[in-house]
Amino acid sequence: MLACLVVVDGIPWWPLAILVVREVGVTVGRLAVASEVVIPASRGGKIKTTLQLVSLLMFLVPGAPAWFDAIAWWVLVAAAIVAVVTGIDYARTIAAAVKAHRRHTDARA
């Protein structure tokens with residue numbers, strides 16, 4: 001949906017890029033350690049998703065005044081910021097899981 005808004009409504013592309021990179025990175029990272037550990041959704045991840053959805057819903061309100069779109073934009077920027085912070089947090093968690101698995105594997109050998 002955000003990609004469509006970028007193309008059709010001219011919303012800047014960079015929040016979309018941040019969100020896509022974060023989602024792909026977290027998904028690939030989770031899959032990489034899926035056989036050893038389950039990495040649950042964090043509170044920050046849930047906040048990011050909520051901000052993202054609220055922003056999208058706000059952008060989709062027909063005939064909304066300019067100030068409403070401005071608020072939607074800042075909510076989207078907040079979602080992108082939270083995406084960066086939580087992406088770093090997930091990367092640390094995934095790296096720790098990989099390191100723990102390697103230690104466990106090395107100890108068994």
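Residues numbered from 1 in each chain as written. Predicted model: local features only at pLDDT ≥ 70, side-chain atom pairs only at ≥ 80, totals over all residues. Heavy atoms only, no water.

**Let's talk about the packing of helix α2 (residues 14-32) against helix α3 (residues 43-59)**
This is how the line gets drawn: Angles shown run from 0 to 180 degrees and are taken between the N-to-C directions of axes, each axis being a line fitted to C-alpha atoms and, for helices, limited to the stretch in contact. Numbering of helices and strands runs from the N terminus; a helix is a DSSP stretch of H or I covering at least four residues, while a strand is a stretch of E covering at least two. Put simply, a crossing is left-handed when the front helix is turned counterclockwise from the back one by less than a right angle, and right-handed when it is turned clockwise. We call two residues in contact whenever any of their non-hydrogen atoms come within 4.5 Å of each other. Under the convention adopted here, Pro, Cys and the residues Ala, Val, Leu, Ile, Met, Phe, Trp and Tyr are nonpolar, Asp, Glu, Lys and Arg are charged, and Gly plus all remaining residues are polar.
Running from amino to carboxyl end, α2 crosses α3 at an angle of 145 degrees, the nearest separation of the two axes being 13 Å. Regarding α2 and α3, the two cross each other, and that crossing is left-handed. Of α3, the residues touching α2 (which contributes Leu19, Arg22 and Glu23) are Gly45, Lys48 and Gln52. Looking at the contact of α2 with α3 residue by residue, the classes come out as one nonpolar, two polar and three charged.

**Some remarks on the nonpolar core**
To keep things clear, this is the line we draw: Among the buried residues, those of types Ala, Val, Leu, Ile, Met, Phe, Trp, Tyr and Cys that are joined through side-chain atoms within 4.5 Å form a nonpolar core. Accessible area is worked out with a 1.4 Å probe on protein chains only. A residue is then buried under 20% of its type maximum, exposed over 50%, and partly exposed in between.
Among the nonpolar cores identified, the biggest contains 14 residues, and Leu2, Leu5, Ile11, Leu19, Phe59, Trp73 and Leu76 are the most heavily contacted of them. Of all the secondary structure elements, the ones that give two or more residues to this core are α1 (2-9), α3 and α4 (66-108). Not counting the four nearest positions on each side in its chain, leucine 76 is found in contact with Leu2, Ile11, Pro15, Leu19, Ser55 and Phe59. By size, the runner-up hydrophobic cluster in this structure holds six residues, among which are Val26, Val33, Ile39 and Ile94.

**Things to note about α1**
What counts here: To obtain the arc, one takes the directions from the helix axis to the C-beta atoms.
Within α1, burial applies to Leu2, Leu5 and Val6. Projected down its long axis, α1 shows its buried positions confined to an angular sector of 105 degrees, all on one face. Pointing more than 90 degrees away from the buried face of α1 are the exposed residues Val7 and Val8. The first or second residue beyond α1 is glycine 10, which carries a positive phi of 75 degrees.

**Here we look at the UniProt feature "transmembrane region" (unreviewed entry) in the chain**
Keep this limit in mind: UniProt positions are given in the numbering used here, feature names are shortened, and annotations may be inferred rather than shown by experiment.
Within this numbering scheme, the UniProt entry marks residues 71-91 as carrying the feature "transmembrane region" (unreviewed entry). Annotated as 100% helix and 0% strand, the span residues 71-91 places its first and last C-alpha atoms 30 Å apart.

**Quick notes on α3**
What counts here: A helix's residues, less one, multiplied by 1.5 Å, set its expected span.
For α3, with 17 residues, the first-to-last C-alpha span of 24 Å sits near the 24 Å given by 1.5 Å per residue. For α3, the complete set of buried residues consists of Gly45, Lys48, Gln52, Ser55, Leu56, Met58 and Phe59. Burial along α3 is one-sided: seen end-on, the buried residues are contained in an arc of 165 degrees. In α3, the exposed positions that point more than 90 degrees away from the buried face belong to Arg43, Lys46 and Leu57.

**A short note on the environment of proline 65**
Summarising the element assignment, proline 65 is placed in the loop between α3 and α4. Look at proline 65 and you get partly exposed, because its relative accessible area is 37%. Distance in space between the C-alpha atoms of proline 65 and alanine 3 is 22 Å, their sequence separation being 62 residues.

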